[in-house]
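In case you want the letters, here they are:
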Amino acid sequence: MKALGNWTSPILAGIMAFIGLLASSRAADSAFEVGGLLVFLGCVVYIFSAIGRHFDQAEAH
């Protein structure tokens, strides 16, 4: 169960990234378009950093 806890926040970030991309694609205003893209990119960066932390932690053991 501990392994699932480490991946809960990246899974939620993936859902947020999808919602941000969806909001950006359906935006009528340029501010919402840019905001959705920033949310998407921030979540993608967070997911890749979580993957990197996992491999760094696995390498240490």
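Everything below is about the structure shown above.
These lines cover the structure that appears in this document, whether it is placed above or below. (Residues numbered from 1 in each chain as written. Predicted model: local features only at pLDDT ≥ 70, side-chain atom pairs only at ≥ 80, totals over all residues. Heavy atoms only, no water.)

1. A look at a nonpolar patch on the surface
Just so we agree on the cut-off: Exposure above 30% relative accessible area and no salt bridge define the residues that can form patches, which grow by joining like charges within 9 Å and nonpolar side chains of Val, Leu, Ile, Met, Phe, Trp and Tyr within 5 Å. Note that accessible areas follow from Shrake-Rupley with a 1.4 Å probe, and for residues the cover is restricted to the protein chains shown. Between Lys or Arg on one side and Asp or Glu on the other, a salt bridge is scored when a side-chain nitrogen of the former is within 4 Å of a carboxyl oxygen of the latter. Secondary structure follows DSSP: runs of H or I at least 4 residues long count as helices, runs of E at least 2 residues long count as strands, and numbering of each begins at the N terminus.
Residues Ile11, Leu12, Ile15, Phe18, Ile19 and Leu22 make up a contiguous nonpolar surface patch of roughly 600 Å² in combined accessible area. Position of Ile19 among the secondary structure elements: in helix α2 (residues 8-25).

2. Regarding helix α3 (residues 30-60)
Formally: Expected helix span is given by 1.5 Å per residue-to-residue step, counting one fewer step than there are residues. Throughout, exposure labels follow a simple rule: accessible area from a 1.4 Å probe, protein chains only, divided by the maximum for the residue type, with under 20% read as buried, over 50% as exposed, and the rest as partly exposed. The contact definition used throughout considers only heavy atoms, calling two residues in contact when any of these lie within 4.5 Å.
Helix length check: α3, at 31 residues, gives a terminal C-alpha distance of 45 Å against a target of 45 Å (1.5 Å per residue), a fit within 8%. All buried positions along α3 are accounted for by Gly36, Cys43 and Ala50. For α3, the elements touching its buried residues are α2.

3. Comments concerning α2
The line we're drawing: Starting at the helix axis, one direction is taken to each C-beta atom, and the arc is that of these directions.
Along its 18 residues, α2 runs 26 Å from first to last C-alpha, staying within 8% of the 26 Å computed at 1.5 Å per residue. Pro10, Ala13, Ala17, Gly20 and Ser24 are the residues of α2 that are buried. The arc that holds the buried residues of α2, viewed along the axis, is 70 degrees, so those residues lie on one side.

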